Amino acid sequence: VIPFHSDFRFSLTTVIPNPHYAPEVSVKVTLLNFTITPDGLQDQLLVTTVEAERPDLAETKEKIVLQTAENKRKLQELQDEILYMLSHSEGNILDDTKLIDTLAVSKATSEEIMTAVAEAEVAEKEIDELSSKYIPVAVRGSQLFFVISDLSLVDAMYQ
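Bear in mind the structure is a predicted one, so any value in this text is a computation, not a measurement. (Residues numbered from 1 in each chain as written. Predicted model: local features only at pLDDT ≥ 70, side-chain atom pairs only at ≥ 80, totals over all residues. Heavy atoms only, no water.)

1. Concerning the overall build of the chain
Let me state the cut-off plainly: Secondary structure elements follow DSSP: runs of H or I of four or more residues count as helices, runs of E of two or more count as strands, with numbering from the N terminus. Just to be clear, the radius of gyration here is over C-alpha atoms, and the globule rule we use is 2.2 Å times residues to the power 0.38. Remark: exposure states derive from per-residue accessible area (1.4 Å probe, protein chains only) relative to the maximum for the residue type, with buried under 20%, exposed over 50%, and partly exposed in between.
Counting its regular elements, the chain contains 6 helices and 0 strands. Scanning the chain from its N terminus toward the C terminus, one meets helices and strands in the order α-α-α-α-α-α. Rg of the C-alpha trace for the chain: 23 Å, well past the compact-globule value of 15 Å for 159 residues, more than 25% over. With respect to the three principal axes, the spread of C-alpha positions in the chain is 85 × 35 × 30 Å. Per-residue burial over the chain gives 18% buried out of 159 residues.

Written out as structure tokens, the structure reads:
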């Protein structure tokens, strides 16, 4: 862990209209999109509405995203360890008990992770289905924003 000052703020800018980041990054940062499109605003309003109306769903989805990222990391570590052991194995690989034990552990762990991933996918689909009930709110909010922002085209008084 790297110590840092509690008032430290780090800002990044991009010209990409709707950037996509890894799930573990998206959960830890606040994204501000100043070049908004109707679809981008709808997505942001949907997330904000679900967080306000159903914080339990938002929290569960965040946990699922973090758990999925952690499971993928564990699988990658297991694969790397097995490849390292295979590449540095001397003689008959069937005689290497450490390698065989590692393979057995990795098989069990990967089966557990695959089960957890399948359960997470089912839960995420349920959350998305419940969240989809708030899509009309996000659509109306987006429409309202763009109508108000275009009022200046009707009359300069609305700038």
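2. Some details on helix H2 (residues 38–53)
Spelled out, the test is: Expected span, for any helix, means 1.5 Å times one less than how many residues it has. Should any heavy atoms of two residues lie within 4.5 Å, those residues are counted as being in contact.
Taking 1.5 Å of rise per residue, 16 residues should cover 22 Å, and H2 covers 22 Å from first to last C-alpha, within 8% of that figure. Looking at H2, one finds that the buried residues are Gly 40, Leu 41, Leu 46, Thr 49 and Val 50. Looking at the packing, one finds that the buried side of H2 touches helix H3 (55–87), helix H4 (97–131) and helix H5 (135–149).

3. Some details on the packing of H2 against H3
Worth spelling out the cut-off: Axes, fitted as lines to C-alpha atoms, cover a helix only where it is in contact. Angles between the N-to-C directions of the axes lie from 0 to 180 degrees. Residues are grouped as follows: nonpolar covers Ala, Val, Leu, Ile, Met, Phe, Trp, Tyr, Cys and Pro; charged covers Asp, Glu, Lys and Arg; every other residue, Gly included, is treated as polar.
Orientation of H2 relative to H3, taken along the N-to-C sense of each, is 115°, at an axis distance of 5 Å. For the pair formed by H2 and H3, the contact residues are Val 50, Glu 51, Ala 52 and Glu 53 on the first element and Pro 55, Leu 57 and Ala 58 on the second. Classifying every residue of the contact of H2 with H3 gives 5 nonpolar, no polar and 2 charged.

4. A closer look at the packing of H3 against H4
For the record, the criterion: Under this scheme an angle from 65 to 115 degrees is roughly perpendicular, one under 35 degrees roughly parallel, and one over 145 degrees roughly antiparallel; angles in between are oblique. Left-handed describes a crossing in which the near helix is turned anticlockwise from the far one by less than a right angle; the clockwise case is right-handed.
Following both chains from N to C, one finds H3 and H4 inclined at 160°, their axes separated by 9 Å at the closest point. As summarised for this structure, H3 and H4 are arranged roughly antiparallel, according to the angle between their axes. Between H3 and H4 the crossing geometry is left-handed. Considered class by class, the residues forming the contact of H3 with H4 number 17 nonpolar, 9 polar and 6 charged.

5. Observations concerning the pattern of salt bridges
As a reminder of what qualifies: Each salt bridge in this description consists of a side-chain nitrogen of Lys or Arg and a carboxyl oxygen of Asp or Glu lying within 4 Å of one another.
The full count for this structure, using the stated rule, is 6 salt bridges. Between Asp 56 and Arg 54 there is a salt bridge, and its shortest N-O distance comes to 3.2 Å. Among the salt bridges present, the one from Glu 124 reaches Lys 61, with a minimum N-O distance of 3.6 Å. You can see Glu 124 sitting in helix H4 and its partner Lys 61 sitting in helix H3, a full 63 residues away along the chain. The partly exposed category is assigned to Glu 124, whose relative accessible area is 26%. The exposure class of Lys 61 is partly exposed, given its relative accessible area of 27%. Through salt bridges with shared partners, a single network forms among Lys 61, Glu 124 and Asp 128.

6. Remarks on the side chain of Ser 131
Within the secondary structure, Ser 131 sits in helix H4. Among residues more than four places away in sequence, those in contact with Ser 131 are Leu 46, Val 50 and Leu 57.

7. Here we look at a nonpolar patch on the surface
The test is simple: By definition, no residue in a patch forms a salt bridge, and every one has over 30% relative accessible area; like charges are joined within 9 Å, nonpolar side chains (Val, Leu, Ile, Met, Phe, Trp, Tyr) within 5 Å. Only the protein chains shown count as cover for residues, and all accessible areas are computed by the Shrake-Rupley method using a 1.4 Å probe.
Together, Leu 83, Leu 86, Ile 93, Leu 94 and Ile 100 make up an exposed nonpolar region whose accessible area comes to about 460 Å². Here Leu 94 lies in the loop between H3 and H4. Given the relative accessible area of 63%, Leu 94 is considered exposed.

8. Details of the packing of aromatic side chains
Here is the rule we go by: Here is the rule: rings of Phe, Tyr and Trp (six-membered ring for Trp) pair when centre to centre is within 6.5 Å. Planes less than 30 degrees apart are stacked, more than 60 are edge-to-face, and the remainder are tilted.
Applying the stated criterion to the full structure yields 1 aromatic pair. Each ring, one from Phe 145 and one from Phe 146, has its centre 5.1 Å from the other, and the planes form 90°; the classification is edge-to-face. Classification of Phe 145 as partly exposed rests on a relative accessible area of 42%. Of the residues examined, Phe 146 reaches a relative accessible area of 22% and is grouped as partly exposed.

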